[in-house]
Amino acid sequence: MANILVVDDELGIRDLLSEILNDEGHQVELAENAAQARAARSRARPDLVLLDIWMPDTDGVTLLKEWSSSGMLTMPVIMMSGHATIDTAVEATKIGAMAFLEKPITLQKLLKAVEQGLVKSAGRKPLAPPATLLHTPDLTVEVAMTSGVAAAVVELGPQATQSFLLEKPLRDARDEFEKAYFEFHLAKEGGSMTRVAEKTGLERTHLYRKLKQLGVDLTRGKRAA
């Protein structure tokens, strides 16, 4: 898990990037202007910064220069903009930006840029597996019954093959099927909305609204994982 700072004056962009990055297991801090970004940078060094170029108080390129000149540009910075020129992108790269993403940002480009940035992040170490995975033995039913080890109740999660009662209104039957369908894929993908969106071919915001409408437990897949 990485600490990622998202700096953008648009609420919708901040919320969307936060949701996607949280989905990928990262810790995200948000800033809507340069002042908040400075404060966030001072509190703790983020592993990566996603920085919008056009902001009302201080633009992203100016903030990037400020960090570079003061020795605070110690983390990869990915610039974002929907209106920047090639010259602006080149200038930001010369100052020290690692990459430039043009809005609207595609999911694939975002995740690829973030992954590359985190690989380059100074001092970043591979995540160690949880202690429970390191020390928990694989127990068969026979071993659990004869070794004095208490057997755990394992929730298998949604199954690939299920039965549905068809003697009900079409809307109810459809909702029941769709709920089971999405619960299955959420469990299969470890609760990642990003991967479920790609798998099912739905846009993320539409998928999120659909899951809320169907009453799907969005934390179940992550618990199962």
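The following refers to the structure shown.

The rules behind these values
Residues numbered from 1 in each chain as written. Predicted model: local features only at pLDDT ≥ 70, side-chain atom pairs only at ≥ 80, totals over all residues. Heavy atoms only, no water. Helix = DSSP H or I, 4+ residues; strand = E, 2+ residues; numbered from the N terminus. Contact = heavy atoms within 4.5 Å. Phe/Tyr/Trp six-rings, centres within 6.5 Å; stacked < 30°, edge-to-face > 60°. Buried < 20%, exposed > 50% of the residue type's maximum accessible area, 1.4 Å probe, protein only. Salt bridge = Lys/Arg side-chain N within 4 Å of Asp/Glu carboxyl O. Axes fitted to C-alpha atoms, helices over the stretch in contact; angles between N-to-C directions. Parallel < 35°, antiparallel > 145°, perpendicular 65-115°, else oblique. Left-handed = near helix turned anticlockwise from the far one by under 90°. Nonpolar A, V, L, I, M, F, W, Y, C, P; charged D, E, K, R; others polar. Pairing = 2+ DSSP bridges.

Some details on the environment of glutamine 27
In step 1: Tracing the chain through its elements places glutamine 27 in strand β2 (residues 27-31).
In step 2: Beyond its immediate sequence surroundings of up to four residues, glutamine 27 is in contact with Met1, Ala2, Asn3, Ile4 and Asn22.

Description of the packing of aromatic side chains
In step 1: Applying the stated criterion across every chain yields a total of two aromatic pairs.
In step 2: Taken together, a centroid distance of 5.3 Å and an interplanar angle of 80° make the contact between tyrosine 181 and phenylalanine 182 edge-to-face.
In step 3: Note on tyrosine 181: relative accessible area 32%, which makes it partly exposed.
In step 4: Taken together, the ring pairs in this structure connect Phe177, Tyr181 and Phe182 into an aromatic cluster.

Quick look at the environment of alanine 99
In step 1: Along the chain, the position of alanine 99 falls in strand β5 (residues 99-102).
In step 2: C-alpha of alanine 99 to C-alpha of valine 77: the two residues are 22 residues apart in sequence and 7.2 Å apart in space.

Some words on the pattern of salt bridges
In step 1: Throughout the structure, instances matching the rule amount to ten salt bridges.
In step 2: With a shortest N-O distance of 2.6 Å, lysine 103 and aspartate 8 are connected by a salt bridge. Here the residue lysine 103 occupies a position in the loop between β5 and α5 (107-120), and aspartate 8 occupies one in the loop between β1 (3-7) and α1 (11-23), the gap between them amounting to 95 residues.
In step 3: A residue is classified by how much of its surface remains accessible, and lysine 103, at 15% relative accessible area, is buried.
In step 4: With relative accessibility at 0%, the residue aspartate 8 sits in the buried group.
In step 5: Across the salt bridge formed by lysine 65 and glutamate 91, the nearest N and O atoms sit 3.1 Å from each other.

Description of the packing of helix α3 (residues 60-69) against helix α4 (residues 86-95)
When two helices pack together, you describe them by how their axes are tilted relative to each other and by the distance separating the axes.
In step 1: Where α3 contacts α4, the two axes come as close as 10 Å, and the packing angle between them is 15°. In terms of their interaxial angle, α3 and α4 are classed as roughly parallel. Here α3 runs over α4; the crossing is left-handed. Mapping the contact onto sequence places Val61, Leu64, Lys65 and Ser68 in α3 and Thr88, Glu91, Ala92 and Ile95 in α4.
In step 2: Here the contact of α3 with α4 is composed, by residue class, of four nonpolar, two polar and two charged.

Points about unusual backbone geometry
In step 1: Here the bond from lysine 103 into proline 104 is cis, since omega is -5°, no more than 30 degrees from zero.
In step 2: In this structure, proline 104 sits in the loop between β5 and α5.

Overview of the sheet that holds strand β4 (residues 77-81)
In step 1: Taken together, five strands build an open sheet; the order of strands is β2-β1-β3-β4-β5 and the sheet is parallel. The strands lining the two open edges of the sheet, one partner per strand, are β2 and β5. The sheet shows a mean angle of 20° between the axes of neighbouring strands, direction not considered.
In step 2: Judged from the four bridges that link them, β1 and strand β3 (residues 48-52) form a sheet pairing that is parallel. Within the sheet, the bridge partner assigned to isoleucine 4 lies in β3 and is leucine 48.
In step 3: The sheet strands contacting α5 are β1, β3, β4 and β5, and the helix crosses β3 at an angle near 135°.

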